[in-house]
Amino acid sequence: MKFENYMILEFPSKSANEAFARSAVACFAAQLDPTLEELGDIRTAVSEAVTNCIVHAYPNAYGIITLRCRILKDNVLDIVVKDKGVGIPDIEQARKPMFTTGGSERSGMGFTIMESFMTALEITSSPEKGTTVHMRRRIQRRI
């Protein structure tokens, strides 16, 4: 699929980088002229995906998170968040609301939130090889 613009970031799975990632994506998405609501939805979805990498992919050490954003035709923002962490053994179970492996302080709503705020969500994972979260959001064109 052709793209009009793109960016790729790579950063350690430190909690401070979650805010950096969502801000970077928001700045990149601004070229599509999203509404504040659309921008908030995108920021939240990216925040959830990056937090999952920090908490679940690399639970006892720092690892690398790769974030790729592209602008596709028809005003679509394409976002990929990828790690090389522990992976998800059962994606269907992980997508269920309230399921978490992160302890009682985690809500288990990350994938549900991503799915509700984005136009499309795909998750692929391999144990001990990592997880890729691929999200798309169509931005309404304004006149």
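These lines cover the structure that appears in this document, whether it is placed above or below.

### Quick look at the pattern of salt bridges
Part 1 of the reasoning: One pass over the full model with this rule turns up five salt bridges.
Part 2 of the reasoning: In this structure, Glu18 engages Arg22 in a salt bridge whose closest nitrogen and oxygen atoms are separated by 2.7 Å. With Glu18 and Arg22 both in helix α1 (residues 16-29) and four residues apart, the pair spans about one turn of that helix.
Part 3 of the reasoning: Two residues, Asp78 and Arg68, come together in a salt bridge whose shortest N-O distance is 3.0 Å. With Asp78 in strand β3 (residues 76-83) and Arg68 in strand β2 (residues 64-72), this pair connects stretches of sequence that are ten residues apart.
Part 4 of the reasoning: Take Asp78: its relative accessible area is 0%, and that puts it in the buried class.

### Section: the packing of aromatic side chains
Part 1 of the reasoning: Enumeration over the complete set of coordinates arrives at one aromatic pair.
Part 2 of the reasoning: Look at Phe11 and Phe20: their rings are 6.0 Å apart centre to centre, the planes differ by 90°, and that puts the pair in the edge-to-face class.
Part 3 of the reasoning: Positioned over the ring face of Tyr62 is Lys14, at 5.4 Å from the centre of the ring.

### Describing the environment of Cys69
Part 1 of the reasoning: Mapping Cys69 onto the fold places it in strand β2.
Part 2 of the reasoning: Sequence separation of Cys69 and Met135 is 66 residues, and the distance between their C-alpha atoms is 9.5 Å.
Part 3 of the reasoning: Beyond its immediate sequence surroundings of up to four residues, Cys69 is in contact with Asn5, Tyr6, Met7, Val25, Phe28, Asp78 and Ile79.

### Describing the sheet that holds β2
The strands making up a sheet associate through hydrogen bonds between their backbones, and the pairing can be parallel or antiparallel.
Part 1 of the reasoning: Spatially, β1-β2-β3-β5-β4 is the arrangement adopted by the five strands of the open sheet, whose pairing is antiparallel. What marks the edges here is a single partner per strand, and that holds for β1 (3-12) and β4 (120-126). Pairwise comparison of adjacent strand axes, ignoring direction, gives a mean angle of 10° for this sheet.
Part 2 of the reasoning: Pairing of β1 with β2, which is carried by nine bridges, proceeds in the antiparallel orientation. By the bridge assignment for β2, Tyr6 is matched with Arg70.
Part 3 of the reasoning: Sheet strands touched by α1: β1, β2 and β3. Its angle to β1, the strand with the most contacts, is close to 170°.

Rules of the game
- Residues numbered from 1 in each chain as written.
- Predicted model: local features only at pLDDT ≥ 70, side-chain atom pairs only at ≥ 80, totals over all residues.
- Heavy atoms only, no water.
- Salt bridge = Lys/Arg side-chain N within 4 Å of Asp/Glu carboxyl O.
- Helix = DSSP H or I, 4+ residues; strand = E, 2+ residues; numbered from the N terminus.
- Buried < 20%, exposed > 50% of the residue type's maximum accessible area, 1.4 Å probe, protein only.
- Phe/Tyr/Trp six-rings, centres within 6.5 Å; stacked < 30°, edge-to-face > 60°.
- Lys NZ or Arg CZ within 6 Å of the ring centre and 35° of its normal.
- Contact = heavy atoms within 4.5 Å.
- Pairing = 2+ DSSP bridges.
- Axes fitted to C-alpha atoms, helices over the stretch in contact; angles between N-to-C directions.

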